[in-house]
Structures are given as C-alpha cells and as structure tokens.
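Below, each chain spelled out in residue letters.
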Amino acid sequence: MVGSLIDPRARLSIELALSGTNASKPLLAKQEEAGRALGMTGAEMDVARRGSSFDFNTSIAVSLALNACRETRQRAIRAGVSEETCEEIERIALSLRALAAST
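Quick caveat: nothing in here was measured; it's all calculated off a predicted structure.

Asker: I tried to follow the side chain of Ser-13 on my own but got confused; where do I start?
Answerer: Structurally, Ser-13 is set in helix α1 (residues 8–19). Judged by its relative accessible area of 4%, Ser-13 is buried. Residue contacts for Ser-13: discarding those within four places in its chain leaves Met-40, Ala-48, Thr-58 and Val-62.

Asker: Help me out: how do you make sense of the environment of Ala-23 in this one?
Answerer: Along the chain, the position of Ala-23 falls in the loop between α1 and α2 (25–37). Ala-23 gets classed as buried once you look at its relative accessible area, which sits at 16%. Sequence spacing of Ala-23 and Ala-100 is 77 residues, and the spatial spacing of their C-alpha atoms is 8.8 Å.

Asker: Quick question: what am I supposed to make of helix α3 (residues 42–49) here?
Answerer: For an α-helix, the turn length of 3.6 residues means that residues three or four places apart are oriented alike. Within the sequence span of α3, burial applies to Met-45, Val-47, Ala-48 and Arg-49. Among the structural elements, α1 and α2 are those in contact with the buried residues of α3. With its phi angle positive at about 90 degrees, Gly-51 sits one or two positions after the end of α3.

Asker: What is the right way to read the packing of α2 against α3 from this model?
Answerer: The axes of two packed helices give the description: the angle between them and the distance between them. Following both chains from N to C, one finds α2 and α3 inclined at 130 degrees, their axes separated by 10 Å at the closest point. Considering their axes alone, α2 and α3 lie oblique with respect to each other. As for how α2 packs across α3, the hand of that crossing is right-handed. Residues Leu-28, Gln-31, Glu-32, Gly-35 and Arg-36 of α2 touch α3, and the partners they reach there are Gly-42, Met-45 and Arg-49. Partitioned by chemical class, the residues of the contact of α2 with α3 number two nonpolar, three polar and three charged.

Thresholds, definitions, all that
Residues numbered from 1 in each chain as written. Predicted model: local features only at pLDDT ≥ 70, side-chain atom pairs only at ≥ 80, totals over all residues. Heavy atoms only, no water. Helix = DSSP H or I, 4+ residues; strand = E, 2+ residues; numbered from the N terminus. Buried < 20%, exposed > 50% of the residue type's maximum accessible area, 1.4 Å probe, protein only. Contact = heavy atoms within 4.5 Å. Axes fitted to C-alpha atoms, helices over the stretch in contact; angles between N-to-C directions. Parallel < 35°, antiparallel > 145°, perpendicular 65-115°, else oblique. Left-handed = near helix turned anticlockwise from the far one by under 90°. Nonpolar A, V, L, I, M, F, W, Y, C, P; charged D, E, K, R; others polar.

By themselves, these observations are geometric and do not establish any function.
This is the structure in structure tokens:
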C-alpha cells in the first residue's frame, strides 16, 4: 500500500480546520495531544482551527480541504500541489466530514 502524500502535521491541520472549535471536548483534547506529539505549538493549532497555517503548503492544503472546488484545486495546483495530493486532501476532507456527520 502506498503511504500518504500528506505529512502528519498537514493532515492534523486539516482535521483541526474541519472540526474548528465546534468539536467535543474529548476530540479537542485528543487533537491537541496529537499536535503536541507532532511538535505543533498552541498557536499553530489555533491558526489551523481558524482554517489557515503559518506554513504556505499546509495553508493551501487546508484551504482545499475546507472548500474543495475547481477554483481552489486549480489554485493548489498552481502553488505546486500535485493532482494526486489534491485528490488525497479531498478524500481526507470527505471522510472527516462523514465521520463528523455520523457522530
């Protein structure tokens, strides 16, 4: 099986952006613990929850996850994100939204 094209910090940033501050306290605590384990600061996690990142590439990934449309995908591709990575970001966003809807 091929590994993820998205690094763990970017993936967590996407998760944080999609759950925002509306997540349950246990989920917020779990996300914070995961972020700390990845070396993320509180400020990085706060910015991710607001739908952005201090890192340009992560910010592009978060933007695409929050608004997976043709225009956002084209912007990501122009920024150097591959088609395969765009597809993975969109799959991650869909699965996290489906998971949130089922809880």
